[in-house]
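Spelled out, the chains give:
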Amino acid sequence: MSGGEGPAGADAGTGADARPLAGAGAAGRAAGSWLLDEALTATIRRTGASAGGFHLWDGPERGLLALVVLCGVPTEVAWPWHRIPVTASTPVSDAVREDRLVWIGSQEDLAHDYPQAAVSLPYEFCLAAAPLRGRRGAHGALFLLWPAGHARTASARERHHVTSAARRIARMLDEAGGTPEVPDRPRVIPVAPPRTYGSRPAQAAADWAERLPEGAVALDLEGRITFVDGTAADLLGRTSGRLLGTWPWQSLPWLDAPLVEDRYRSAVLSREPVEFTALRPPDIPLRFQLYPDSSGISVRVTRPARHVETVRSGPPAGGSVPYTGRIHQLLHLAAAMTETVTVRDVVELVAHQVLPAFGADALVLSAADAGRLKITGYHGYDPATIERLDGLPLGTGLTPAGQVLADGVPAFFGDPAAMSRAHPGASRISGKQAWAFLPLTISGRPVGCCILSYERPHDFTADERAVLTSLAGLIAQALDRARLHDAVHDLAHGLQQALLPHTLPTVPGLRAAARYLPAGHGMDIGGDFYDVIPLDSTTVAAVIGDVQGHNVAAAALMGQVRTAIRAAAGAPPGAVLARTGRLLAGLDTELLVSCLYVHIDLASRCATLASAGHPPPLVHAPGTRPRRVDLDPCPLLGIGADTPCPVTRLELAPGTLLTLYTDGLVEKPTAAGVDAERGTDDLAAVLAENDGADLDDLIEALLHGTGAASVHADDIALLLLRL
């Protein structure tokens, strides 16, 4: 009789490199992490979910969401989503970006709304993702999983439980006073404490299992064997000592097959019983029935009378066994490659997905450019090494990259000795111990080279070589497409920057500051613009506008509109917009333009405003609350060119701040559409909290306080004027 936990299972409930909340002492950080863990497990129990976790911002730039805490599923199952770009199409990123609860009721819903995720998670489960919305924007997202059989539609009570839990967790993060540090791997916590039965009942249960004619095996959620009885050991052909603490597909190579991994993942995610039949060499069929719950998986092993679906034997004992998750990570990678847009997207995807899938430690991705290999991205190398490798000729002999590109055949070096035989100096450049050089070619045309390297010698199996060679084709197409996008983007971005003011003029009696942020999708350019135009020694005009679209046409039209307004500046505000509208009508364009024009008399402290369908500015006089200016706008420029434009007059006290902005700053996506009212209220609240702040600091506070610094689908222009 055998039982108990193996050595590898002893720390199965903890994640590596877990670092708790920043900004406090060690005791405070530990307490903060404990509170977050408790909040997550309490939420899972209260909602009846089977698993869940937190994604939080990875770094101050807020471009990536990192999986920080995970409960109820193993790390490897969730690994493809341990780093998620906020612009990606996933339930978690959509919840943060659109500030709403995302509910996926079935595999069918997942395939419809998120086909990339469905490729690598083809199992039945329900999922909810809710933003952790704090006082200064979202901290990240909470996600929860329910097993198969859960209702496809969330009840009002369930939605309330999930959103209330997200609000409580967000308040905890607000009160922590700092952004939690992000670990390299998520911290894994159990849903509930282990069951305790006492010594004799546990022994009696083991004895009971031993008497049965079938084998009994227990796995933890990570897939490790934690218990095996004597009957199971006999059926599997291994002693219990060689099985405990191992993964079945590691200690039993004939179980190293995609079907086994698929059934294991299905049990973990769906929490429903699954079964399969495998063929133990030479010809012994065994039936495996898996019964999962929140603490692990119970497995029955029997000899079936007949079997239908049989797993063929894997590699022989002693061969290299790919770690669990390889198949699904590669499916995820293939789908994700189709969604990369920029070269940076490709580099980050390869670094975050390919390296973990193959156990590699470092990456160099280079592109063929004017007869040289220009490094477009790297990971795990020091800058001095990259500087030495950057710009090598395509035919270089210093490293295998030149030969690999010339022949179109990948090269694998399992240790420094193998590398030195072909390229004596190459192994000394980086100090790495093993390398895979993958040519990136499309229809015989060299696109670049991808180098994966290892800190230790590595034996590249035939399976790994074949998969890496196939991946190189995917990477080549994604890189080529991304380089074309970046070239067009750089051209358009240069055009837009040339059309916006490089600096704002110095005007006595007026302080001004402005900021432009491109859209978070498309070509990252748009038609938002601003300008400050001195008219004479005591008068100045300020203008802000938004041209429809995010492309070269929008940027070009923005330049024409800005020039037209400058030419008409000095006339009454209504007349300036009317003349610009007539010009726009003569250009025969289908794009529409919103615009706000403000004429400021600094001597009399009076402002006259006219709006063509543009959001109203906020005015904040000292000692008062910020408020919206009540405007009577005329139609957008390009509609009704002969329609007169009403004007509004404002008296401005000394120290009054005018905040002009485009709709990208205040429009918040919700389940019901777009909510600009709430965004404007948030803007006013941040202005009130930062009364009297320096204008440049105030712009930073406004962008972060409204969440625009990290998440915005539209481009944003912001212009602050203080008298």
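Data block above holds the structure.
Computed from a predicted structure; not experimentally measured.

1. Thoughts on helix α6 (residues 156-176)
Residues lying three or four places apart along an α-helix face the same way, a consequence of the helix completing one turn every 3.6 residues.
Part 1 of the argument: With 21 residues, α6 should reach 30 Å at 1.5 Å per residue; the first-to-last C-alpha distance of 30 Å fits that figure.
Part 2 of the argument: Within α6, burial applies to Glu158, His161, Val162, Ser164, Ala165, Ala166, Ile169, Ala170, Leu173 and Asp174.

2. Things to note about the environment of Ala603
Part 1 of the argument: Summarising the element assignment, Ala603 is placed in the loop between β23 (593-601) and β24 (606-612).
Part 2 of the argument: Taking the C-alpha atoms as reference points, Ala603 and Gly509, separated by 94 residues in sequence, lie 8.9 Å from one another.

3. A few points about the pattern of salt bridges
Part 1 of the argument: Tallied over the entire structure, the rule returns 21 salt bridges.
Part 2 of the argument: Two residues, Asp99 and Arg678, come together in a salt bridge whose shortest N-O distance is 2.3 Å. Remark: Arg678 occurs in helix α21 (residues 676-689) and Asp99 occurs in the loop between α3 (91-98) and β4 (102-104); sequence separation between them is 579 residues.
Part 3 of the argument: The class of Asp99 is buried, set by a relative accessible area of 17%.
Part 4 of the argument: With relative accessibility at 26%, the residue Arg678 sits in the partly exposed group.
Part 5 of the argument: Among the salt bridges present, the one from Asp480 reaches Arg445, with a minimum N-O distance of 3.0 Å. Note that Asp480 is positioned in helix α18 (residues 462-499) and Arg445 in strand β19 (residues 445-454), a separation of 35 residues in sequence.

4. Thoughts on the sheet that holds strand β21 (residues 527-534)
Part 1 of the argument: The strand order β21-β22-β23-β24-β27 describes an open sheet built from five strands, whose pairing is antiparallel. Every interior strand has two partners, whereas the edge strands, β21 and β27 (648-651), have only one. For this sheet the average axis-to-axis angle between neighbouring strands, irrespective of direction, equals 15 degrees.
Part 2 of the argument: Judged from the seven bridges that link them, β23 and β24 form a sheet pairing that is antiparallel. Bridge pairing in β24 links Asp601 to Cys606.
Part 3 of the argument: Against the sheet, helix α19 (residues 552-568) makes contact with β21, β22 (539-547) and β23, and its axis sits at roughly 20 degrees relative to β21, the strand it touches most.

5. Here's the deal with the packing of α19 against helix α20 (residues 573-586)
Part 1 of the argument: Two elements in contact, α19 and α20, have axes whose closest approach is 9 Å; the angle formed by their N-to-C orientations is 140 degrees. On the basis of the axis angle, α19 is oblique to α20. Classified by chirality, the crossing of α20 by α19 is right-handed. For the pair formed by α19 and α20, the contact residues are Leu557, Gln560, Val561, Ala564, Ile565 and Ala568 on the first element and Val576, Arg579, Thr580, Leu583 and Leu584 on the second.
Part 2 of the argument: Partitioned by chemical class, the residues of the contact of α19 with α20 number eight nonpolar, two polar and one charged.

6. Describing the sheet that holds strand β20 (residues 511-517)
Part 1 of the argument: Here five strands make up an open sheet; going across it, the order is β20-β31-β28-β25-β26 and the pairing antiparallel. Bordering the open sheet on either side are β20 and β26 (627-628), each of which pairs with just one other strand.
Part 2 of the argument: As paired strands, β20 and strand β31 (residues 716-722) are joined by seven bridges and run antiparallel to one another. Bridge pairing in β31 places Tyr516 opposite Ala717.
Part 3 of the argument: In the packing of α21 onto the sheet, contacts are made with β25 (618-620), β26 and β28 (657-661), and the angle to β25 comes to roughly 20 degrees.
Part 4 of the argument: Across the sheet, helix α22 (residues 695-705) lies against β20, β28 and β31, angled at about 35 degrees from β20, the strand it touches most.

7. Focus on a positive patch on the surface
Part 1 of the argument: Taken together, the side chains of Arg45, Arg46, Arg167, Arg168 and Arg171 make up a positively charged region of the molecular surface.
Part 2 of the argument: When residues of the positive patch are traced back to their parent elements, those giving at least two are α1 (26-47) and α6.
Part 3 of the argument: When residues in the positive patch are grouped by element, the largest group, three residues, is from α6.
Part 4 of the argument: With respect to the helices and strands, Arg168 occurs in helix α6.
Part 5 of the argument: Judged by its relative accessible area of 33%, Arg168 falls in the partly exposed class.

8. Here we look at the packing of aromatic side chains
Part 1 of the argument: Tallied over the entire structure, the rule returns seven aromatic pairs.
Part 2 of the argument: Ring geometry for Trp103 and Trp146: centres 5.1 Å apart, planes at 45 degrees, overall tilted. One end of the pair, Trp103, is in strand β4; the other, Trp146, is in strand β6 (residues 137-147), with 43 residues separating them in the sequence. Here Trp103 matches Trp146 in class, with each residue buried.
Part 3 of the argument: Taking 5.3 Å as the distance between ring centres and 55 degrees as the angle between the ring planes, the aromatic pair formed by Trp249 and Tyr264 counts as tilted. Of the two residues, Trp249 sits in helix α10 (residues 248-251) while Tyr264 sits in helix α11 (residues 258-270), which places them 15 residues apart along the sequence.
Part 4 of the argument: Since its relative accessible area comes to 6%, Trp249 is described here as buried.

The rules behind the values
- Residues numbered from 1 in each chain as written.
- Predicted model: local features only at pLDDT ≥ 70, side-chain atom pairs only at ≥ 80, totals over all residues.
- Heavy atoms only, no water.
- Helix = DSSP H or I, 4+ residues; strand = E, 2+ residues; numbered from the N terminus.
- Expected span 1.5 Å × (residues − 1).
- Buried < 20%, exposed > 50% of the residue type's maximum accessible area, 1.4 Å probe, protein only.
- Salt bridge = Lys/Arg side-chain N within 4 Å of Asp/Glu carboxyl O.
- Pairing = 2+ DSSP bridges.
- Axes fitted to C-alpha atoms, helices over the stretch in contact; angles between N-to-C directions.
- Contact = heavy atoms within 4.5 Å.
- Parallel < 35°, antiparallel > 145°, perpendicular 65-115°, else oblique.
- Left-handed = near helix turned anticlockwise from the far one by under 90°.
- Nonpolar A, V, L, I, M, F, W, Y, C, P; charged D, E, K, R; others polar.
- Patch = residues over 30% accessible without salt bridge, like charges linked within 9 Å, V, L, I, M, F, W, Y side chains within 5 Å.
- Areas by Shrake-Rupley, 256 points an atom, 1.4 Å probe, with all protein chains shown as cover.
- Lys, Arg positive; Asp, Glu negative; His and termini not counted.
- Charge placed at Lys NZ, Arg CZ, Asp CG, Glu CD.
- Phe/Tyr/Trp six-rings, centres within 6.5 Å; stacked < 30°, edge-to-face > 60°.

Purely geometric stuff here, so don't read any function into it on its own.
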